[in-house]
Amino acid sequence: MSKKWLIPDDFETDFQVFGIQTNQTDDVVFIFQVNLATGWLLKRCRDIDAVFQGESICYTLFQRDFEDMEASIHIVQNSAQYLTKSITPSFTLFDEVAVAPKLLRKYAAYDYFLKIEAEDWDSEWIQEFIDPLKSMKSVINVTELKNLTPAEKKTLYW
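Residue numbers here run from 1 along each chain, matching the order of that chain's written sequence. pLDDT decides what is reported in this predicted model: residues at 70 or higher carry local features, side-chain atom pairs at 80 or more are listed and counted, and totals for whole chains, interfaces and linings draw on all residues regardless. The side-chain values count all of the structure's non-hydrogen atoms but skip hydrogen atoms and water molecules.

1. Digging into unusual backbone geometry
- With phi around 55°, Leu 41 is a residue other than glycine that occupies positive phi space.
- What counts as a helix is a DSSP run of H or I of at least four residues, what counts as a strand is a run of E of at least two, and both are numbered from the N terminus. Structurally, the position occupied by Leu 41 is in the loop between helix H1 (27-38) and strand S2 (43-44).

2. Describing the sheet that holds strand S10 (residues 139-144)
- The pairing criterion is simple: DSSP has to find at least two bridges between the two strands. Taking strand neighbours across the sheet as the criterion, the 6 strands line up as S2-S5-S6-S9-S1-S10 in an open arrangement whose pairing is antiparallel. Two strands bound the open sheet, and with one partner strand each, they are S2 and S10.
- Where strand S1 (residues 15-22) meets strand S9 (residues 112-118), 6 bridges bridge the pair, whose relative direction is antiparallel. If you follow Phe 18 over to S9, its bridge partner there is Leu 114.
- Contacts from H1 reach S1, strand S5 (61-66), strand S6 (71-77), S9 and S10, with the element oriented near 150° to S6. Only heavy atoms matter for contacts: two residues are in contact if any of them lie within 4.5 Å across the pair. Axes here mean lines fitted to C-alpha atoms, for a helix over just the part in contact, with angles spanning 0 to 180 degrees between N-to-C directions.

3. As for the nonpolar core
- For this analysis, a nonpolar core means a set of buried residues of the types Ala, Val, Leu, Ile, Met, Phe, Trp, Tyr and Cys, connected via side-chain atoms within 4.5 Å. Here's how the labels work: a residue is buried when its accessible area is under 20% of the maximum for its type, exposed when over 50%, partly exposed in between, all with a 1.4 Å probe on protein chains only. Of all hydrophobic cores here, the largest spans 24 residues; its most connected members are Trp 40, Leu 114 and Ile 116.
- Those elements that place two or more of their residues in this core are S1, H1, S5, S6, S9, helix H2 (123-134) and S10.
- Sequence-distant contacts of Leu 114, that is, excluding residues within four places in its chain, are made with Gln 16, Val 17, Phe 18, Ile 20, Trp 40, Ile 73, His 74, Ile 75, Ile 130 and Leu 133.
- Ranked by size, the runner-up nonpolar core spans 16 residues in total, among them Leu 61, Leu 103, Leu 104 and Leu 148.

4. Section: the packing of aromatic side chains
- Think of it this way: a Phe, Tyr or Trp ring, Trp meaning its six-membered ring, pairs with another when their centres are within 6.5 Å, and the plane angle makes it stacked under 30 degrees, edge-to-face over 60, tilted otherwise. Under the counting rule described, the total for this entry stands at 2 aromatic pairs.
- Between Phe 30 and Tyr 112, the ring centres sit 4.4 Å apart and the planes meet at 15°, which makes this aromatic pair stacked. Here Tyr 112 lies in strand S9 and Phe 30 lies in helix H1, a separation of 82 residues in the sequence.
- Relative to Tyr 110, the ring of Tyr 107 lies with its centre 6.4 Å away and its plane at 40°, an arrangement referred to as tilted. The same class applies to Tyr 107 and to Tyr 110, which are both buried.

5. Notes on a negative patch on the surface
- On the surface, a cluster of negative charge is contributed by Asp 14, Glu 70, Glu 119 and Asp 120.
- Relative to the helices and strands, Glu 70 resides in the loop between S5 and S6. Residues qualify for a patch when their relative accessible area is over 30% and they have no salt bridge, like charges being joined within 9 Å and the nonpolar side chains of Val, Leu, Ile, Met, Phe, Trp and Tyr within 5 Å. The Shrake-Rupley method, run with a 1.4 Å probe sphere, supplies the accessible areas, and residue values consider only the shown protein chains as cover. Think of a salt bridge as a Lys or Arg side-chain nitrogen and an Asp or Glu carboxyl oxygen that are within 4 Å of each other. Positive charges come from Lys and Arg alone, negative charges from Asp and Glu alone, with His and the N- and C-terminal ends not counted. Charged groups are reduced to one reference atom each: NZ for lysine, CZ for arginine, CG for aspartic acid, CD for glutamic acid.

Keep in mind that these numbers describe shape and distance, not what the molecule does.
Given below as structure tokens:
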């Protein structure tokens, strides 16, 4: 089965992407910590839905729009989860959870991706956003992903 993109192949992207490695495994706790450290006030929004081996999966997505700066920030989890068995009375909602594929397999070492979209930004402005994130105890590493392929950029376009 071939992939079909709704986005044209020659579209231009204007966003920066950073990979985040963390020792925090709970996405809600991690975003709470991010909000405390940065003041971003990220909120959960509609998840990114996909199908993997016939199963519906989704990637958790958080965002914040900064209308005064014409910018937005998104953090998406690099892995998704789905139920591997049907729920029966003997199972609870969280039983039998399996890990689905990475959103970007090439960057499997990263737990989350931070996407920053802005009309007018420079490296100093971006650094002001990244520094509080880097200082968090649960964050191991934050790296700018500069060499994304067009297909990888399309995956991060939402």
